[in-house]
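Structure assessment
Here is what each chain is made of, one letter per residue.
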Amino acid sequence: MRGGKIAILDCNNFYVSCERLFAPALENRPVIVLSNNDGCAVARSNEAKALGITMGVPFFKIRDLIKKHDVKVLSSNYALYGDMSARVMRTLAEMALNLEVYSIDEAFFDMSGFTGAGSIEHCKTIKATVQRNTGIPVSIGIGPTKTLAKAANRIAKKSPKTAGVLDLSSPRFMEKALAILEVGDLWGVGSRWAGRLNSHGIKTAAQLRDSNLTWVEKKFGTVLAKTVLELRAIPAIGLDSRGKAKKSITSSRTFAKKTSELSAIREAVASYTAIAGVKLRQQKLLARSVAVFIETSRFAPGQQRYKNSATFILPEPLSDTGSLIRYVLQLLETIYRDGFAYNKAGIMLLDLVSLHGQQRSLFSDHVQIAKNSRLMTAIDSLNQKMGRNTIHFGAEGLQSQGRVVKDRRSPSYTTSWSEIPQVLAIS
DNA sequence: TCTGGGGTCCTAGGACCC
DNA sequence: TCTGGGGTCCTAGGACCC
């Protein structure tokens, strides 16, 4: 399908923009948002990027820089970001065809009905409407393929001339853009491949596009070969992946404090299982296998490293947290070794299948399954109404909320009744 | 006892994305 | 001292089967 036209909308510095909505004092100054346990910088305002703060840099390495430039530092508030994301996507859905939400802050959509100046105009309207309705600034890139739309978006974000919207459909613009774009800035080319491509003299997007397809496929595999095709305006990554079901659900955390206690790890993985179980049921899925993994720190030179995982194929597809926890805890016993300072654990729900059209095993206990299902529905709805973790399984322990430290978290303005800003009226 | 080739499934690891 | 979390896809190698 040549001659397509695809756009991608991407929220600018999304987490920082969300925080700024409720704290205008954060405007026009460097701001960063940290990962769980305040470990790394996962979002930066333009001012913070200008200071050289890179994506994913550990917080302790930029302490001095932060002090010197008075950078505002926030813990992540995923409830806020998830809620704002939903608002952006709802607004976009009213104006865009074949919307494909790609991540918390990005979505592709179909622009094949628009030509020339019409596409720019339509996307400028979208940009203004999203900004007005949600307060979130966005950029939009347009191109014949997803990869080229992403490239357009990349340039739109950086170049003030574009005013946040760039259409690379015309060959003249395209040639100019690909000649200046570095391969490492392309969607699908990470730092490893960028380095290898550079060593072969391929530095720009245009050079990658014009390289030998067979050679690329042999040296780098089918994934990068698709990128080459997309750069040649030949769609190789479909738009129509809407509503595709998840294949796995993971829940894992780095601990605030290292531990070698089996009991602490049991509580941790039990609570991760509960978190993943909620997602599983929300998506009307069942898991056919479960996995658990534990590991010691990657960054502890000299210390004995241990990491291991185990997978178990369930006797039948499951979604109730109680049963999942039982299997996970049994699995944990098989990989736990005494005497290691563990800093991370996690569980995965795998081989997910749709709840509908599932055949029950001849031997399964239908009465028990129906009971579990009613119980989980009741727990899920209570937790949704009264706040997460109102009711939880005994195996999760009492501190499942306390293991992750977020000292700098903003209030959950949009999702938690108890944290709504209070206004005191004095007459 | 010797032996080939092909298929499938699983796992681990590596690359990428946000 | 302090280094996130949640995904996808591909590939290579081993086990196993016929």
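Each value, and the rule that gives it
Residues numbered from 1 in each chain as written. Chains lettered and ligands numbered in written order. Predicted model: local features only at pLDDT ≥ 70, side-chain atom pairs only at ≥ 80, totals over all residues. Heavy atoms only, no water. Helix = DSSP H or I, 4+ residues; strand = E, 2+ residues; numbered from the N terminus. Rg over C-alpha atoms; globule rule 2.2 N^0.38 Å. Buried < 20%, exposed > 50% of the residue type's maximum accessible area, 1.4 Å probe, protein only. Contact = heavy atoms within 4.5 Å. Areas by Shrake-Rupley, 256 points an atom, 1.4 Å probe, with all protein chains shown as cover. Near = heavy atom within 4 Å. Polar contact = N/O pair within 3.5 Å; in protein donor to acceptor, adjacent residues only side chain to side chain. Pairing = 2+ DSSP bridges. Axes fitted to C-alpha atoms, helices over the stretch in contact; angles between N-to-C directions. Nonpolar A, V, L, I, M, F, W, Y, C, P; charged D, E, K, R; others polar. pLDDT = per-residue confidence, 0-100.

1. Overview of the overall build of chain A
When its secondary structure is counted, chain A shows 14 helices and 13 strands. Taken over the C-alpha trace, chain A has a radius of gyration of 24 Å; the compact-globule value for 427 residues is 22 Å, and the two agree within 12%. Dimensions of chain A, computed from C-alpha atoms along their principal axes, come out at roughly 65 × 65 × 50 Å. Across the 427 residues in chain A, those meeting the buried criterion constitute 45%. Put simply, of all contacts in chain A between residues at least 6 apart along the chain, 67% involve residues at least 24 apart. For chain A, the accessible surface area stands at approximately 23000 Å², while carbon and sulfur atoms represent 54% of it.

2. Quick word on helix α11 (residues 222–231)
The complete set of buried residues in α11 reads L224, A225, T227, V228, E230 and L231. Against the buried residues of α11 lie α6 (146–158), α7 (171–180), α8 (191–199), α9 (205–209) and α10 (213–220). A233 occupies a position one or two residues after α11 and carries a positive phi of about 70 degrees.

3. Digging into the side chain of E295
With respect to the secondary-structure elements, E295 resides in strand β10 (residues 285–296). Judged by its relative accessible area of 11%, E295 falls in the buried class. Not counting the four nearest positions on each side in its chain, E295 is found in contact with R305, Y306, K307, Y342, N343 and K344.

4. Re the protein's contact with DNA strand C
Residues in close proximity to DNA strand C total 22 residues, the closest being S35, S248, T250, S252 and T254. Sugar and phosphate atoms form 69% of the subset of DNA strand C atoms that lie within 4 Å of the protein. Separating a phosphate oxygen of DNA strand C from a backbone N or O atom of T250 is a distance of 2.3 Å. Here a phosphate oxygen of DNA strand C and a backbone polar atom of S252 are 2.6 Å apart. Secondary-structure elements contributing two or more residues to the surface near DNA strand C are α11 and β9 (249–259). The greatest single-element share of the surface near DNA strand C, amounting to seven residues, is contributed by β9.

5. Here's the deal with the pairing of strand β1 (residues 6–11)
Of all six residues that make up β1, six are buried, and the element is covered over most of its length. The alternating pattern of β1 places I6, I8 and D10 and A7, L9 and C11 on opposite faces, both of which are buried. Direction of pairing for β1 relative to strand β7 (residues 138–143): antiparallel, over a ladder of six bridges. Across the sheet, residue A7 finds its bridge partner in β7, namely I142. Bridge count between β1 and strand β6 (residues 106–110): five bridges; the pairing is antiparallel. The partner of I8 across the bridge, within β6, is F108.

6. Regarding the sheet that holds β7
By way of backbone hydrogen bonds, the strands of a sheet pair with one another, either parallel or antiparallel. The strand order across the open sheet formed by five strands is β5-β6-β1-β7-β8, and the pairing between neighbours is mixed. At either end of the open sheet lies a strand with only one pairing partner, and these are β5 (97–103) and β8 (165–167). Between one strand and the next, the sheet's axes are offset by a mean angle of 15 degrees, whatever the strand orientation. The strands that helix α4 (residues 78–93) touches are β1, β5 and β6; relative to β5, the one it contacts most, it runs at about 160 degrees.

7. Observations concerning the protein's contact with DNA strand B
Around DNA strand B, a shell composed of 13 residues is seen, among which D105, E106, K150, R192 and W193 lie nearest. Note that a phosphate oxygen of DNA strand B is positioned 3.0 Å from one of the side-chain N or O atoms of K150. Of all the secondary structure elements, the ones that give two or more residues to the surface near DNA strand B are β5 and α8. Of all the elements, α8 adds the most residues to the surface near DNA strand B, at three residues. Taken together, the residues of the surface near DNA strand B break down into five nonpolar, four polar and four charged.

8. What about the sheet that holds strand β3 (residues 41–44)?
An order of β3-β2-β4 is seen for the three strands of this open sheet, with the pairing classed as mixed. If you trace the sheet from one side to the other, it starts and ends with β3 and β4 (72–75), each paired once. Recorded for the sheet is a direction-independent mean angle of 30 degrees between the axes of neighbouring strands. Across four bridges, the pairing between strand β2 (residues 31–34) and β4 is parallel.

9. Describing the confidence of the model for chain A
In the predicted model, chain A carries a mean pLDDT of 90, and the fraction of residues at 70 or more is 91%. Per-residue pLDDT stays below 50 along residues 422–427; that stretch engages in zero contacts with residues further than four places along the chain or on separate chains.

10. Notes on the environment of I62
By the element assignment, I62 lies in the loop between α2 (46–50) and α3 (63–69). Looking at I62, the relative accessible area reads 6%, which means it is buried. Between the alpha carbons of I62 and G302 there is a distance of 25 Å; along the sequence they are 240 residues apart.

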